[in-house]
Amino acid sequence: MALTSVPAMVGRGFYNAHSATQANASELARPVLERAARAVPSASPFVMADYGSSQGRNSLAPVRGVLSIARERFGPEIPFCVYHTDLPANDFSALFQVLQSPESYAAENVFSYAVGRTFYDALFPPDTVSIGWTANTVHWLKTIPCTVSGHIWPARGNAEERAAFSAAAQADWTTFMTARAREMRVGARLIVDAGGGDADGRCGAEAALDCLNESLKEHVRPEEHARMVIGGWFRPPSDYPSFFENGWRAPDGQFLKLLSVEHHPLDTAGFDRYLEDHDAHAFALELTATFRAFTETSLVAGLDRSRADKDALMDAVYDGMRRRVEADPRGTVARWDLVVLDIERSE
Ligand SMILES: C[S@@+](CC[C@H](N)C(=O)[O-])C[C@H]1O[C@@H](n2cnc3c(N)ncnc32)[C@H](O)[C@@H]1O
C-alpha cells in the first residue's frame, strides 16, 4: 500500500547530526525572528511555539535568540515556555537529550515541553502563543494525494500528479494557518522559514533526488519503488503574498497580515568547502547524509514487509546516491530558494 501520511525524520539523532543545511536556513531567518520578538506584546507566561522541531538541535539558536530578547524586554521573572512540536513518530528522546545538554538554552524560569501531534491540528488553547517559529517544515503535506510514476519526488511526476500535490499544498496551507491563527495572541508573530518552488514544484534539489531515484531503481523491486513517495511540495513563493493580499481573515475571525517576505539563495551545506578543496568524496558523503535524514523513513515505508535486510539495503541505496553525487558535485548540488515570512495576528 502507498503511504498516505508523512513519516518523521530518521531517528536515533541522525537528523540532528546531518541537518547543517537546515541550520543554515534557520540562521538566515533568525534576524526576522528576532525583529518580531522585539515587537510582540508582553505576556506571562511568554509562549514560544516551535512547529516541526524534529530532534531539536536546530531549534536551540532560534529559541536562545528569542529568550534573550524576552528577558531584556520583560525581565527574568516572566516565565518563558517553549513548546517543541512534531509528529508522534518523531525522535523525541533525541530532542530531550539536546534540551538537557550543555548546548541547550535551558535557564531558570524557562520551561520546555514537547507536543507529539500534527501541526495541521490545533496544538494550543486559543490566544496562547506569543511567537511561533517553523523552519523547513511547511512543504510536508498533511496527506499524500497519490504516488508518482517512475519517481519518488512529486515535482518529477506527470502533470496530473503534480496538480494533485499542488492542490493538496494549497489546502494544507489554509489548514495550517487556520490552526495557527486561533492559537496566536493578538499582536503575536509567526515566522515561517520555507523553501520555495517553481510552478511545477521544483525546489532546486531535483538533480540530487534523481540520483537517489536512480539508485533506488537499481536496488529495490519495481513494486516497492512504485509505492515510494516523499510527501513534500514546495509552493511558489508568490503564493504567500497572494494568500495574504489585503490581510487574511481566518474562519474563526482572527485577522492576519504578512509584514514581510525575504528571499535567500541557499546551497547544500559543504558546497562552499567543496568549491575550495574539491574534495568530491567528502561533499557527496555530506549531501547524501543530509538527504538520507529526511527521505529514508518515507522510502522504507514502501519496502515489502517481508524484507529482512532493510538497513543493509538502504545503506546500499544511499551509497549509490553518494557515488552519483561524487561523480558530478556541481551538477547535483541542491540549491534552494529560501522564503522567510513574518506574519502578524493583528485582530
Ligand atoms: C526538515 S525537518 C525540520 C526540523 C527543524 N525545524 C529544522 O529546521 O531543522 C521537518 C520536520 O517537520 C516535521 N513535520 C512534518 N510534517 C509535520 C506535521 N504535519 N506536523 C508536525 N511536524 C511535521 C517532520 O517530522 C520533521 O521533524
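Residues numbered from 1 in each chain as written. Predicted model: local features only at pLDDT ≥ 70, side-chain atom pairs only at ≥ 80, totals over all residues.

## A look at the overall build of the protein chain
Each helix and strand counted, the protein chain has twelve helices and eight strands in total. The C-alpha atoms of the protein chain give a radius of gyration of 20 Å, which matches the 20 Å a tight globule of 347 residues would have. Along the first, second and third principal axes, the C-alpha set of the protein chain runs to 60 × 45 × 40 Å. Expressed as a percentage of its 347 residues, the buried residues of the protein chain come to 48%. (Helix = DSSP H or I, 4+ residues; strand = E, 2+ residues; numbered from the N terminus. Rg over C-alpha atoms; globule rule 2.2 N^0.38 Å. Buried ≥ 20, exposed ≤ 12 C-beta atoms within 10 Å, placed from the backbone.)

## Side note on the pairing of strand 3 (residues 110–116)
Across a regular strand the side chains alternate sides, sitting on one face of the sheet and then on the other. Here strand 2 (residues 80–86) runs beside strand 3; their pairing, made up of seven bridges, is parallel. Bridge pairing in strand 3 links Cys81 to Phe111. Handedness of the crossover joining strand 2 and strand 3 through helix 4 (residues 92–100) is recorded here as right-handed. (Pairing = 2+ DSSP bridges. Right-handed = clockwise from strand over helix to strand, strands pointing away.)

## Focus: helix 11 (residues 310–327)
The first and last C-alpha atoms of helix 11 sit 26 Å apart over 18 residues, in line with the 26 Å expected at 1.5 Å per residue. Considering only its buried residues, helix 11 is in contact with helix 6 (206–219), helix 10 (280–300) and helix 12 (329–332). (Expected span 1.5 Å × (residues − 1). Contact = placed C-beta atoms within 7 Å.)

## Observations concerning the site of the ligand
In the vicinity of the ligand lie 23 residues, with Gly52, Ser54, Asn58, Ala135 and Trp140 positioned nearest. Secondary structure elements with two or more residues in the shell around the ligand: helix 2 (20–37) and strand 2. (Near = placed C-beta within 6 Å.)

## Let's talk about the packing of helix 6 against helix 10
Closest axis-to-axis distance for the helix 6/helix 10 pair is 11 Å, and the angle between their directions is 55°. As the angle between them shows, helix 6 and helix 10 are arranged oblique. At the point where helix 6 passes helix 10, the crossing takes the right-handed sense. Along its contact with helix 6, which presents Ala208, Leu212 and Leu216, the element helix 10 presents Leu287, Phe291, Thr295 and Leu299. Taken together, the residues that form the contact of helix 6 with helix 10 break down as six nonpolar, one polar and no charged. (Axes fitted to C-alpha atoms, helices over the stretch in contact; angles between N-to-C directions. Parallel < 35°, antiparallel > 145°, perpendicular 65-115°, else oblique. Left-handed = near helix turned anticlockwise from the far one by under 90°. Nonpolar A, V, L, I, M, F, W, Y, C, P; charged D, E, K, R; others polar.)

## Quick look at the pairing of strand 2
Extensive coverage of strand 2 is indicated by the burial of six of its seven residues. Where the polypeptide runs from strand 1 (residues 46–51) across helix 3 (residues 60–74) and back to strand 2, its parallel neighbour, the crossover connection is right-handed.

## Some details on helix 4
For helix 4, the full list of buried residues reads Phe92, Ala94, Leu95, Val98 and Leu99. Angularly, the buried residues of helix 4 cover 155° about the axis, an arc narrow enough to put them on a single face. Away from its buried face, by an angle of more than 90 degrees, helix 4 presents the exposed residues Ser93 and Gln100. (Arc of directions from axis to C-beta.)

## Details of the environment of Leu303
Note on placement: Leu303 falls in the loop between helix 10 and helix 11. Sequence separation of Leu303 and Asp86 is 217 residues, and the distance between their C-alpha atoms is 24 Å. If near-sequence neighbours (up to four positions away) are discounted, Leu303 is found in contact with Val220, Glu224 and Lys310.

## Focus: the packing of helix 10 against helix 11
In the contact formed by helix 10 and helix 11, the axes pass within 9 Å of each other and the chain directions differ by 140°. Judged by the inter-axis angle, helix 10 sits oblique to helix 11. For helix 10 against helix 11, the interelement crossing comes out right-handed. Residues Ala280, His281, Ala284, Leu285, Leu287, Thr288, Phe291, Arg292, Glu296 and Val300 of helix 10 form the contact with helix 11, whose own contacting residues are Lys310, Met314, Tyr318, Met321, Arg322, Val325 and Glu326.

## Some thoughts on the environment of Leu67
Residue position: Leu67 is located in helix 3. Residue classification places Leu67 among the partly exposed positions, given that 19 C-beta atoms sit within 10 Å. In this structure, the C-alpha to C-alpha distance between Leu67 and Arg185, residues 118 residues apart in sequence, is 18 Å. Setting aside its immediate chain neighbours within four residues, Leu67 contacts Phe80, Tyr105 and Val110.

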